[in-house]
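So you can see what is in the structure, the chains are spelled out below.
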Amino acid sequence: MKLLNKIKNKELRSFITFFLTAVLGAGTNFFTRILYKPLFLSFGFADKPAFQWSVFAGYMTATIITFIPQKVFAFSAKESGNTKRESVKFFIIATLALGIQLGLSSLTLDYIANVYFTNFSLTLRETFSHIVGMGFSFLANFYGHKFLTFRSTGVYDKIKARSAR
């Protein structure tokens, strides 16, 4: 943390801190996806649906685990007093980023990995595809949380004022 305090550019420091908390989420996402796939296969799913559901379950596990570290460390919103509101916005942004991750993981698997990397095992093709989806999801999460989740946009206050009339 001392090294991060030496970075004077607040935007860069925020991005690096988000990246470090995202490593926790990405690790959780990645490894739980590997653990979840056999579970979905045991439920009778074919390979592709088992892969998609394991990506979904891994992502949701990571989302739950990373909310507090991102709130406290990446966006310095520890004492904002808006945890409920932030958690709702966090879930909305995470859901959009999940769609990006699922979509790009599946598209990468179908149109790149399974077409150009047929010599590699299915596990390696799925891993490559998952990492591509995670990369784009990371960007969607960072900018969504930066500009919406942990920032007061004033929308809530406007809705509250109108409902009080």
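Residues numbered from 1 in each chain as written. Predicted model: local features only at pLDDT ≥ 70, side-chain atom pairs only at ≥ 80, totals over all residues. Heavy atoms only, no water.

## Observations regarding the overall build of the chain
For the record, the criterion: Helix and strand definitions follow DSSP, with helices as H or I runs of at least four residues and strands as E runs of at least two, each counted in order from the N terminus. Buried, partly exposed and exposed residues are distinguished by accessible area as a fraction of the type maximum, computed with a 1.4 Å probe on protein chains only: under 20%, between the cut-offs, and over 50%, respectively.
Counting secondary structure elements, the chain contains six helices and zero strands. Secondary structure elements of the chain occur, N-terminal to C-terminal, as α-α-α-α-α-α. Summarising its shape, the C-alpha atoms of the chain cover approximately 60 × 45 × 25 Å along the three principal directions. Counting over 165 residues, the chain shows a buried share of 37%.

## Looking at the pattern of salt bridges
Selection criterion: Salt bridge, as applied in this entry: a Lys or Arg side-chain nitrogen positioned within 4 Å of an Asp or Glu carboxyl oxygen.
Inspection of the entire model under this criterion finds three salt bridges. With a shortest N-O distance of 2.9 Å, Glu 126 and Lys 37 are connected by a salt bridge. Pair noted here: Glu 126 is in helix α5 (residues 122-149) and Lys 37 is in helix α2 (residues 10-42), with a separation of 89 residues, a long-range link. For Glu 126, a relative accessible area of 3% gives the class buried. By relative accessible area, which is 11% here, Lys 37 ends up buried. Notably, a salt bridge pairs Lys 48 with Asp 110, separated by 2.4 Å at the nearest N-O pair. Taken together, the positions of Lys 48 in helix α3 (residues 47-74) and Asp 110 in helix α4 (residues 83-116) put the pair 62 residues apart, joining distant regions of the chain. When salt bridges that share partners are traced, they join Lys 37, Asp 47 and Glu 126 into one network.

## Comments concerning the packing of α2 against α3
The geometry of a pair of packed helices is captured by two quantities: the angle between their axes and the separation between those axes. Short version of the rule: Angular values range over 0 to 180 degrees, each being the angle between N-to-C directions of two axes fitted as lines to C-alpha atoms, with helices fitted over their stretch in contact. When an angle is under 35 degrees it counts as roughly parallel; over 145 it counts as roughly antiparallel; between 65 and 115 it counts as roughly perpendicular; any other value is oblique. Crossings are classed by handedness, with left-handed meaning an anticlockwise turn of the near helix from the far one by less than a right angle and right-handed meaning a clockwise turn. Basically, the charged four are Asp, Glu, Lys and Arg, the nonpolar ten are Ala, Val, Leu, Ile, Met, Phe, Trp, Tyr, Cys and Pro, and anything else, Gly included, counts as polar.
Two elements in contact, α2 and α3, have axes separated by 6 Å at closest approach and are oriented at 150°. Taken together, the axes of α2 and α3 are roughly antiparallel relative to one another. Pair α2 / α3 crosses with right-handed handedness. Counted by class, the contact of α2 with α3 contains 16 nonpolar, 12 polar and three charged residues.

## Comments concerning the packing of aromatic side chains
Rules: Within 6.5 Å between ring centres, the rings of Phe, Tyr and Trp (the latter by its six-membered ring) count as paired, and their orientation is classed by plane angle as stacked under 30 degrees, edge-to-face over 60, tilted in between. Criterion for a charge above a ring: Arg CZ or Lys NZ at most 6 Å from the ring centre, at most 35 degrees from the ring normal.
Inspection of every chain in the model, using the stated rule, returns 13 aromatic pairs. Between Phe 40 and Trp 53 the ring centres are 6.3 Å apart and the planes differ by 35°, which places this aromatic pair in the tilted class. Of this pair, Phe 40 sits in helix α2 while Trp 53 sits in helix α3, and the two are 13 residues apart along the sequence. With a centroid separation of 4.9 Å and 75° between ring planes, the pair formed by Phe 67 and Phe 90 is classed as edge-to-face. Of this pair, Phe 67 sits in helix α3 while Phe 90 sits in helix α4, placing them 23 residues apart in sequence. Taking relative accessible area as the criterion, Phe 67 reaches 11% and is therefore assigned buried. Since its relative accessible area comes to 4%, Phe 90 is described here as buried. Put simply, the rings of Phe 18, Phe 19, Phe 138, Phe 142, Tyr 143 and Phe 147 pair up and form one aromatic cluster. A cation sits over an aromatic face here: Arg 33 above Phe 30, 5.6 Å from the ring centre.

## Regarding the nonpolar core
What counts is decided by this rule: In this text, buried Ala, Val, Leu, Ile, Met, Phe, Trp, Tyr and Cys residues form a nonpolar core when linked through side-chain atoms within 4.5 Å.
Grouped together as the largest cluster of nonpolar side chains are five residues: Phe 18, Ala 22, Ala 74, Phe 138 and Phe 142. Mapped onto this core, the elements with two or more residues apiece are α2 and α5.

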